[in-house]
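Residue strings, one per chain:
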Amino acid sequence: MAAQQSSTTIEQALTTARPLAIAALLRYFNDLDKTEDAFQEACIRALKNWPQKGLPKNPTAWLIFVGRNIGIDEIRKTFRLSSIDEQDFADEEKPPKDYIYKDDLIRLLFFCCHPELSFEQQLALCLKIIVGMSVDEIAAAFLTKPATMAQRITRAKAKIATLTHQSPTQQERETRLTQVRTAIYLLFNEGYAANDGQNHIRQLECREAIRLARLLLQMMPSDAETMALLALCLLQNSRQNARLSETGEIILLEQQDRKLWDKGQIAEATAILQKAIRQGNTGQMQIEASIAAMHAEAATYAQTNWQEIKTLYIILANKFPSPVISLNLAAATFKNNQTDEALKTLAPLANKLNTYPYYHGLLAEIHIKMRQPKKAKTALEAALKLANSPAAAIHIREKIDQIKNNS
Amino acid sequence: MLYSILIYESEARVADANAAEQARVMDGHHEFQAVLKQQNKLLNVVRLMPTSTAVTKPKDAPIFDGPFAETKEQFVGFYMFEADNLDEAIELSKHLPMHEKLEIRPVMFYEGVNGNGSSTIINNN
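Computed from a prediction, not measured in an experiment: that's the story for all the values here.

Cut-offs and rules
- Residues numbered from 1 in each chain as written.
- Chains lettered and ligands numbered in written order.
- Predicted model: local features only at pLDDT ≥ 70, side-chain atom pairs only at ≥ 80, totals over all residues.
- Heavy atoms only, no water.
- Disulfide = S-S within 2.5 Å.
- Buried < 20%, exposed > 50% of the residue type's maximum accessible area, 1.4 Å probe, protein only.
- Helix = DSSP H or I, 4+ residues; strand = E, 2+ residues; numbered from the N terminus.
- Expected span 1.5 Å × (residues − 1).
- Arc of directions from axis to C-beta.
- Contact = heavy atoms within 4.5 Å.
- Buried area = accessible area lost by both parts, 1.4 Å probe.
- Salt bridge = Lys/Arg side-chain N within 4 Å of Asp/Glu carboxyl O.
- Polar contact = N/O pair within 3.5 Å; in protein donor to acceptor, adjacent residues only side chain to side chain.
- Nonpolar A, V, L, I, M, F, W, Y, C, P; charged D, E, K, R; others polar.
- Axes fitted to C-alpha atoms, helices over the stretch in contact; angles between N-to-C directions.
- Left-handed = near helix turned anticlockwise from the far one by under 90°.
- Phe/Tyr/Trp six-rings, centres within 6.5 Å; stacked < 30°, edge-to-face > 60°.
- Lys NZ or Arg CZ within 6 Å of the ring centre and 35° of its normal.
- Domains from an automatic or database assignment.

Draft legend 1. Here's a closer look at the state of the cysteines. All names here are of chain A. Going through the model one piece at a time under the given rule, you end up with zero disulfides over all chains. Cys-112 supplies the cysteine sulfur nearest to Cys-43, a cysteine that is in no disulfide, at a spacing of 17 Å. Left unpaired, Cys-206 is separated from the closest cysteine sulfur, that of Cys-233, by 8.3 Å. A relative accessible area of 1% places Cys-206 in the buried class.

Here you go:
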């Protein structure tokens, strides 16, 4: 490899090294701020050294070694003030062996997705600590002020410092892993649902979520739910280019130009999902990924296998009951031309999903099909009040106008 | 003589690469392919999916998920092409973008089934 390194190659190497390096440094310092500072300083030294000397053989190990020494120097300075013998650190001077980093990274994910933190805090910490986004970028992604986001992160860190981080038991581990997977999926969804094509950082969130899912899967290559998580993210992400018009309006699945779907991502997701299914235990992510895969498989909207999708939603609703899943079951039932049954599924959701725009949207669609324009219009007006983006509002208004013109 | 170029790359690096970096690498591959096609030397272009999609069957154990060993770089794809000799194969490989490792290795036997049902057989055995 050439000695001269381009700055993009170095930046790329630092980005790739970051999660594992941070995870390993956290093991030494057991303190997020100290870890971040040491990593930051190690990166500065890398940017000084690597352009001339070339990339080290293992950039991650280099950053961990240098970062650790920096941290130890800092501790030394502090300790010298309180005059403690330097000999105490003699053991620490040996260069670290080529660690198996797996446990470090999982520990870091557990750290950032600690159950005592709110989801907002978990996502903010993941982006700040693991991904390395700046507070400004994260604030822009969540549409909050940088000062508010800085405070959220500081509070989360303060909270974490008070918590114990003993290795969880096998049973706790599974629960925590589920939380980590959920956090990664929420991070993806944050970016996906709010992406209006204008806010570039939204796409970054999706990208980073996929990166984290890949990392997690690398750590546990046999874990079916983690496979499903990656598959699910890839399947959703494959539609990214088809779901917004040039002017930023949402294009529904039904109207999307399927030629714009990313076939590479779909193929990879399908391959991973097939592996997950072979294991036989169906978790939530796996069923959701299977549903997404059914959509990806259909060459046209008309060819969608609603029968199978409905079956999958029934399994999902039985195993993991929630109003939103029931709503989706109702939608699949409706698409499967079982209008009455769909209405029956919807009925008990009226209270729970009253503030959920998609509930009213589906209700409107059913009433349109049943030629009940008045009821449809009422439902659409409710949906309009709850619309969560300008693009969605435009879409609903168009539907209201259509009803007015037809009646 | 038929040669192969086996390409090894760090999957983590591929996954993290930004759009500009990806484009740079793909441009290199397209250039390599164009040069070989122009000289009528290209037989196969194969790019593999990430190892996360793979399963492995060891000799004495059932199938398990993932590639066999954890290594820094993974086998990500290969080319097969005609070259007069090793020097020419190496010369042609210089059109490729930089990867962790390229292995240039002569092919002993090749059989490829063509679209019309016939097959191309090259036997150096």
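Draft legend 2. Here's a closer look at helix H2 (residues 19-38) of chain B. The end-to-end C-alpha distance of H2 of chain B, which contains 20 residues, comes to 28 Å, matching closely the 28 Å that a straight helix rising 1.5 Å per residue would cover. What H2 of chain B keeps buried is the set Glu-21, Val-25, Gly-28, His-29, Phe-32, Gln-33, Val-35 and Leu-36 of chain B. Along H2 of chain B, the residues classed as buried sweep out an arc of 165° about the axis, all on the same side. Facing away from the buried side of H2 of chain B by more than 90 degrees, the exposed set consists of Ala-19, Ala-20, Asp-27, Lys-37 and Gln-38 of chain B. Residues of H2 of chain B that are buried make contact with helix H1 (7-29) of chain A together with strand E1 (2-9), strand E2 (42-47), strand E5 (74-82) and helix H3 (86-93) of chain B. Downstream of H2 of chain B by a residue or two, Asn-40 of chain B has a phi angle that is positive, lying close to 60°.

Draft legend 3. Region of the structure containing the interface of chain B and chain A. Each partner contributes to the interface: chain B provides 20 residues, whereas chain A provides 21 residues. Of the roughly 1800 Å² buried between chain B and chain A on both sides combined, carbon and sulfur atoms contribute 54%. Counting the surface chain B buries against chain A, the share from its top three residues, Asp-16, Ser-52 and Asp-65 of chain B, is 34%. Taken together, the connections running from chain B to chain A amount to one salt bridge. For the interface between chain B and chain A, the tally reads four residue pairs in polar contact (both at pLDDT 80 or more). If one sorts the elements of the side of chain B that touches chain A by residue count, helix H1 (residues 11-16) of chain B sits on top with four residues. Considered class by class, the residues forming the side of chain B that touches chain A number nine nonpolar, five polar and six charged.

Draft legend 4. Representation of the packing of H1 of chain A against helix H2 (residues 32-53) of chain A. Residue and element names in this part refer to chain A. Relative to each other, H1 and H2 sit at 145°, their axes nearing to 9 Å. As for how H1 packs across H2, the hand of that crossing is right-handed. Of H2, the residues touching H1 (which contributes Ile-10, Ala-13, Leu-14, Arg-18, Ala-21, Ile-22, Leu-25, Leu-26 and Phe-29) are Leu-32, Lys-34, Thr-35, Glu-36, Ala-38, Phe-39, Cys-43, Ala-46, Leu-47, Trp-50 and Pro-51. Grouping the amino acids of the contact of H1 with H2 by side-chain chemistry returns 16 nonpolar, one polar and three charged.

Draft legend 5. Structural detail: the packing of aromatic side chains. Under the defined criterion, the tally for this structure stands at 11 aromatic pairs over all chains. For the ring pair Phe-75 of chain B and Phe-78 of chain B, a centre distance of 6.3 Å and an interplane angle of 15° mean the geometry is stacked. In this structure an aromatic cluster arises from ring pairing among Tyr-3, Phe-32, Tyr-79 and Phe-81 of chain B. Just above the ring of Tyr-28 of chain A sits the side chain of Arg-27 of chain A; from NZ or CZ to the centre is 5.3 Å.

Draft legend 6. Structural view of the domain arrangement of chain A. All names here are of chain A. Assigned domains within chain A: domain 1 (7-93) and domain 2 (115-163 + 170-219). Taken together, the contact pairs nine residues of domain 1 with 10 residues of domain 2. A combined buried area of about 810 Å² lies between domain 1 and domain 2, and 61% of that area is made up of carbon and sulfur atoms. The interface formed by domain 1 and domain 2 holds three salt bridges in total. In this structure, Lys-157 and Glu-36 form a salt bridge, with 2.7 Å as the shortest nitrogen-oxygen distance. For the side of domain 1 that touches domain 2, the secondary-structure elements that each account for two or more residues are H1 and H2. When residues in the side of domain 1 that touches domain 2 are grouped by element, the largest group, six residues, is from H1. In the side of domain 1 that touches domain 2, the residues fall into four nonpolar, two polar and three charged.

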